[in-house]
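Residue-level structure breakdown
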Amino acid sequence: MEDPDRKTEVVLLACGSFNPITNMHLRLFELAKDYLHETGKYKVIKGIISPVGDAYQKKGLISANHRVTMAKLATKNSDWVEVDDWESSQSEWLETLKVLRYHHQKLLSPDPTNSLQNAIPLTKPGRKRKQEPNRHDPVKKKNQGPDIKSVPQVKLLCGSDILESFGIPNLWKLEDITEIVENHGVVCISRAGNSVQKFIYESDILWRHKNNIHLVEEWITNDISSTKIRRALRRGQSIRYLVPDVVRAYIEKNNLYGPESEDRNAGVVLAPLQKYASDSKN
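First, a word on scope: everything that follows refers to the structure included in this document. The shown structure was predicted, so the numbers you read here are calculated from the model rather than taken from an experiment.

Conventions and cut-offs
Residues numbered from 1 in each chain as written. Predicted model: local features only at pLDDT ≥ 70, side-chain atom pairs only at ≥ 80, totals over all residues. Heavy atoms only, no water. Helix = DSSP H or I, 4+ residues; strand = E, 2+ residues; numbered from the N terminus. Buried < 20%, exposed > 50% of the residue type's maximum accessible area, 1.4 Å probe, protein only. Contact = heavy atoms within 4.5 Å. Areas by Shrake-Rupley, 256 points an atom, 1.4 Å probe, with all protein chains shown as cover. Axes fitted to C-alpha atoms, helices over the stretch in contact; angles between N-to-C directions. Left-handed = near helix turned anticlockwise from the far one by under 90°. Nonpolar A, V, L, I, M, F, W, Y, C, P; charged D, E, K, R; others polar. Patch = residues over 30% accessible without salt bridge, like charges linked within 9 Å, V, L, I, M, F, W, Y side chains within 5 Å. Salt bridge = Lys/Arg side-chain N within 4 Å of Asp/Glu carboxyl O. Lys, Arg positive; Asp, Glu negative; His and termini not counted. Charge placed at Lys NZ, Arg CZ, Asp CG, Glu CD. Core = buried A, V, L, I, M, F, W, Y, C linked by side-chain atoms within 4.5 Å. Pairing = 2+ DSSP bridges. Right-handed = clockwise from strand over helix to strand, strands pointing away. Expected span 1.5 Å × (residues − 1). Polar contact = N/O pair within 3.5 Å; in protein donor to acceptor, adjacent residues only side chain to side chain.

Here we look at the overall build of the protein chain
Secondary structure summary: the protein chain contains eleven helices and six strands in total. Relative to its full complement of 282 residues, the protein chain shows a buried share of 47%. Sequence separation of 24 or more characterises 77% of the internal contacts of the protein chain that already satisfy a separation of 6 or more. Of the roughly 15900 Å² of accessible surface on the protein chain, 48% is carried by carbon and sulfur atoms.

Here it is, written out as structure tokens:
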């Protein structure tokens, strides 16, 4: 039997536009970490922000270089949340599942030659690998504190809007949703009274794996969004205290958001909708 005192190491991965990154994006990590630690089962070892690449083609999406730079500025003083530009540097849009696989593989073998080709599906995520012959776990010493399970989990960190987007036709592949919730797990931050539990109940896939979907209620409500930040900037209104000061200064210095930037990719179909709609016709 597994020792109940042994905790599973977790890496929280947030994928998205971060256009721009806001204080709410940073709060998601703190809320998720507190929740997982309070269960007594997990130890969060790292948070990763992975901005989407330009090929996602979302309306108003500014250059990945700017979005990555702002995210790095926002997390400069964090001792556990970092920014990874691997996803944003790809020439083509990548499914979120491939990003999860990549970071899981990177944890298992931190090799500079690690690539998308190595990002294979997990078999039994979050569980210990079969013990090799003649290999023994170290003996737990007295007063040493809880042990940590040997294989870190990479869990998708998101807001309830992302979880509910699983229901939008052609935005996600069903097999990707299954692998995400079954093999990796989701930590979803939702506002108190949100209908995300009802959404899980109405989805057979999510209901089947509901124990691997951690719903974290956000009691200190925070309605900051990148969309509202961009709207305020277009109208010449202050965004102070909504984004980190270093991000606000960077936006002002580079004059990033205006009517012209919001029209970027206007009329262009989102990359996943293009891909999956095309696949369903074939």
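Describing the packing of helix α3 (residues 96-108) against helix α5 (residues 174-184)
Two numbers describe how α3 lies on α5: the axes approach to 10 Å, and their chain directions differ by 35 degrees. Crossing angle aside, the handedness with which α3 passes α5 is left-handed. Residues L97, L100, R101 and H104 of α3 pack against D176, E179, I180 and H184 of α5. Within the contact of α3 with α5, the residues separate by chemical class into three nonpolar, two polar and three charged.

Focus: a negative patch on the surface
Negative charge collects at one region of the surface, where E30, D34, E38 and D79 lie side by side. Within the element layout of this structure, E30 appears in helix α1 (residues 23-39). A relative accessible area of 32% means that E30 is categorised as partly exposed.

Remarks on the nonpolar core
One finds L12, I21, F29, I49, M70, L157 and I251 to be the most contacted residues of the largest nonpolar core, which totals 37 residues. Elements represented by at least two residues in this core include exactly β1 (7-16), α1, β2 (42-51), α2 (64-74), β3 (81-83), β5 (186-191), α8 (226-234) and α9 (245-254). Considering every element that reaches this core, the biggest residue donor is α1, with six residues. Excluding residues within four positions of it along the chain, L12 makes contact with F29, A32, K33, L36, V44, K46, G47, I48, W80, K155, L157 and V187. By size, the runner-up hydrophobic cluster in this structure holds 35 residues, among which are L156, C158, V186 and I213.

Observations concerning the pattern of salt bridges
Scanning all chains against the criterion turns up twelve salt bridges. As a salt-bridge pair, K275 and E95 come within 2.8 Å of each other at their nearest N and O atoms. Of the two residues, K275 is situated in helix α11 (residues 271-281) and E95 in the loop between β3 and α3; the sequence distance between them amounts to 180 residues.

Some points on α5
For α5, the complete set of buried residues consists of D176, I177, E179, I180, V181, N183 and H184. Just downstream of α5 lies G185, where phi reads positive at about 100 degrees.

Thoughts on the pairing of β1
Within β1, eight of the ten residues are buried, which leaves it mostly tucked inside the rest of the structure. Relative to β2, β1 is paired through nine bridges, and the arrangement is parallel. Paired with V11 across the bridge in β2 is K46. The β-α-β motif built from β1, the intervening α1 and the parallel element β2 has right-handed crossover chirality.

Regarding α1
Over its 17 residues, α1 extends 25 Å from the first C-alpha to the last, a length consistent with the 24 Å expected when each residue adds 1.5 Å. Restricting attention to buried positions, one finds in α1 the residues M24, H25, L28, F29, L31, A32 and L36. Where α1 begins, one side-chain oxygen reaches toward the backbone nitrogen of M24, 3.1 Å away; that side chain belongs to T22.

Considerations on the side chain of N222
Relative to the helices and strands, N222 is located in the loop between β6 (213-218) and α8. N222 gets classed as buried once you look at its relative accessible area, which sits at 16%. In contact with N222, not counting residues within four places along its chain, are M24, R27 and R191.

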